[in-house]
Structures are given as C-alpha cells and as structure tokens.
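Listed below, chain by chain, are the residues.
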Amino acid sequence: QGVDKNSVKLGFIWSGTGVAAPNFADSGDACQARVDAQNAKGGVNGRKIELEAVDDKSSGANLTAAKDLVENRKVYAVVNNSSFAGSSARPRCRW
C-alpha cells in the first residue's frame, strides 16, 4: 500500500491552524521542502515521494486524519507532527 514502481505516498499530519499553529507554523512547508529536495535527487530508490499533508487544526482530529491517510488515501507511512502527537519533540522528514 502506498508504494508502486514510480512513487511512495507519505502522509503528514500537522497543526497548521488552531491554537497550536504558532508552534507548528513552518512544519508543513518544511516537510514539503524536504520531500522536494529528495525528489530532486531522484526520490527513494527511484520512486518520487508524494506528500499528503493534513492540518488537524490543533485538535484530536489527527486520529481521524491518520485513519483517513492509511485507509482511504492509502499512504505507506504517516508522520504525525502535531500538537496531539504525544510528544513535544518535532519529528523530521529523513531519508
């Protein structure tokens, strides 16, 4: 799921709006920039990365967002960088 011969689909959940947005304001752009940089180098094992970003609006919506990303949008993996991620650490997109 989420991987074919040409691409890898990655889900990214972040708090782009809502009360926590000031702490995560650059997260969506930063992750997209990292994906763009990796794609410029040929992607991952020749596969381009497709980023599906979801704003959880600083709410518990990240739980439904994760389920939607996996079950409906068929992503390979989910990076949860939101106010409800369960950690104050900010994950980084790395390959």
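Overview of the structure. (Residues numbered from 1 in each chain as written. Predicted model: local features only at pLDDT ≥ 70, side-chain atom pairs only at ≥ 80, totals over all residues. Heavy atoms only, no water.)

Moving on, we get to unusual backbone geometry. Located in the positive-phi region is Ser 58, a residue other than glycine, with phi close to 60°. Within the element layout of this structure, Ser 58 appears in the loop between strand 2 (48-55) and helix 3 (61-71). (Helix = DSSP H or I, 4+ residues; strand = E, 2+ residues; numbered from the N terminus.)

This next bit is on the sheet that holds strand 3 (residues 77-81). Spatially, 3 strands are ordered 2-1-3 in an open sheet, and the strand pairing comes out parallel. Looking at the sheet topology across the chains shown, the edges are occupied by strand 2 and strand 3. Each strand axis lies, on average, 20° off the axis of its neighbour in the sheet, ignoring direction. Here strand 1 (residues 7-14) runs beside strand 2; their pairing, made up of 8 bridges, is parallel. In the sheet register, Gly 11 faces strand 2, and the bridge partner there is Glu 52. Helix 2 (residues 27-40) rests against strand 1, strand 2 and strand 3 of the sheet, and its axis sits at about 175° to strand 2. (Pairing = 2+ DSSP bridges. Axes fitted to C-alpha atoms, helices over the stretch in contact; angles between N-to-C directions. Contact = heavy atoms within 4.5 Å.)

Residues of helix 3 that are buried: Asn 62, Ala 65 and Leu 69. Projected down its long axis, helix 3 carries its buried residues within an arc of 55°, all on one side. Set apart from the buried face of helix 3 by more than 90 degrees, the exposed residues are Leu 63, Thr 64 and Lys 67. (Buried < 20%, exposed > 50% of the residue type's maximum accessible area, 1.4 Å probe, protein only. Arc of directions from axis to C-beta.)

Turning our eyes to something else, we now look at the pattern of salt bridges. Here the structure, examined in full by the defined rule, presents 3 salt bridges. The shortest N-O distance in the salt bridge between Lys 9 and Glu 52 comes to 3.9 Å. Pair noted here: Lys 9 is in strand 1 and Glu 52 is in strand 2, with a separation of 43 residues, a long-range link. The salt bridge partner of Arg 73 is Asp 68, with a shortest N-O separation of 2.9 Å. By relative accessible area, which is 29% here, Arg 73 ends up partly exposed. Overall, the relative accessible area of 23% leaves Asp 68 in the partly exposed class. Residues participating in the shared-partner salt-bridge network are Lys 9, Glu 52, Asp 68 and Arg 73. (Salt bridge = Lys/Arg side-chain N within 4 Å of Asp/Glu carboxyl O.)

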